[in-house]
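Topology and contacts: notes
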Amino acid sequence: MKKFYSLVTLLLCVAFASQVNAQKVWSADSKYDADVKVYVADSKYDAHLTVCKMDSKYDVDDKGRWFFCDSKYDADKKIFFVDSKYDADLIIHFVKSKYDAGWRDNSKQHLMR
């Protein structure tokens, strides 16, 4: 029975860890300091991810709810905004509602983990 509880605890930890994705971001001044190059699209239909800016780091999740940190050391990911979508690793579109935020192209999710 002890092995069962250990296994359940391990599985819960793995499941929780897989749900926690990087959504605390810091905007870098140079593309060389960034983990991901991001382009902001005018339309959500052109975006891989629709993003809602959150006011608290406790409101972030893996569905495009980002909190912009003041320090790169507090961030999970460092991003750099590029001027061309062809230079970008990830294309985003900002939305006002947290319920509209989310992945439109799941193949890019690995960039924010």
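This is a predicted model, so every value here is computed, not measured.

1. Structural notes on the confidence of the model for the chain
Taken over all residues, the pLDDT of the chain has a mean of 87, while the share at 70 or more is 81%. Considering only residues more than four positions removed or in separate chains, one finds that residues 4-8, a stretch of pLDDT under 50, has zero contacts. Taken together, the stretch residues 10-20 has pLDDT below 50 and engages in one contact with residues farther than four places along the chain or on a different chain.

2. A few points about the pairing of strand S5 (residues 77-81)
As judged from the three bridges shared by strand S1 (residues 24-27) and S5, these two strands associate in the parallel manner. Among the inter-strand pairings, Ser27 is bridged to a residue of S5, identified as Ile79. As judged from the three bridges shared by strand S2 (residues 36-40) and S5, these two strands associate in the parallel manner. Across the sheet, the residue bridging to Lys37 is Phe80, located in S5.

3. Describing the side chain of His93
As for its position among the elements, His93 is in strand S6 (residues 90-94). Within polar-contact distance, the side chain of His93 engages the backbone oxygen of Ala41 at 3.0 Å. Look past the residues within four positions of His93 in its chain and what remains in contact with it is Ala41, Asp42, Ser43, Lys44, Ala47, Leu49, Thr50 and Val51.

4. Regarding the pairing of strand S4 (residues 65-68)
In this sheet, S4 lies alongside S1 in parallel orientation, the contact comprising two bridges. Within S4, the position partnered with Lys24 by the bridge is Phe67. Summarising the sheet, strand S3 (residues 49-53) and S4 pair through two bridges and their orientation is parallel. Looking at the pairing, Lys53 lines up with Trp66 of S4.

Scoring rules and cut-offs
- Residues numbered from 1 in each chain as written.
- Predicted model: local features only at pLDDT ≥ 70, side-chain atom pairs only at ≥ 80, totals over all residues.
- Heavy atoms only, no water.
- pLDDT = per-residue confidence, 0-100.
- Contact = heavy atoms within 4.5 Å.
- Pairing = 2+ DSSP bridges.
- Helix = DSSP H or I, 4+ residues; strand = E, 2+ residues; numbered from the N terminus.
- Polar contact = N/O pair within 3.5 Å; in protein donor to acceptor, adjacent residues only side chain to side chain.

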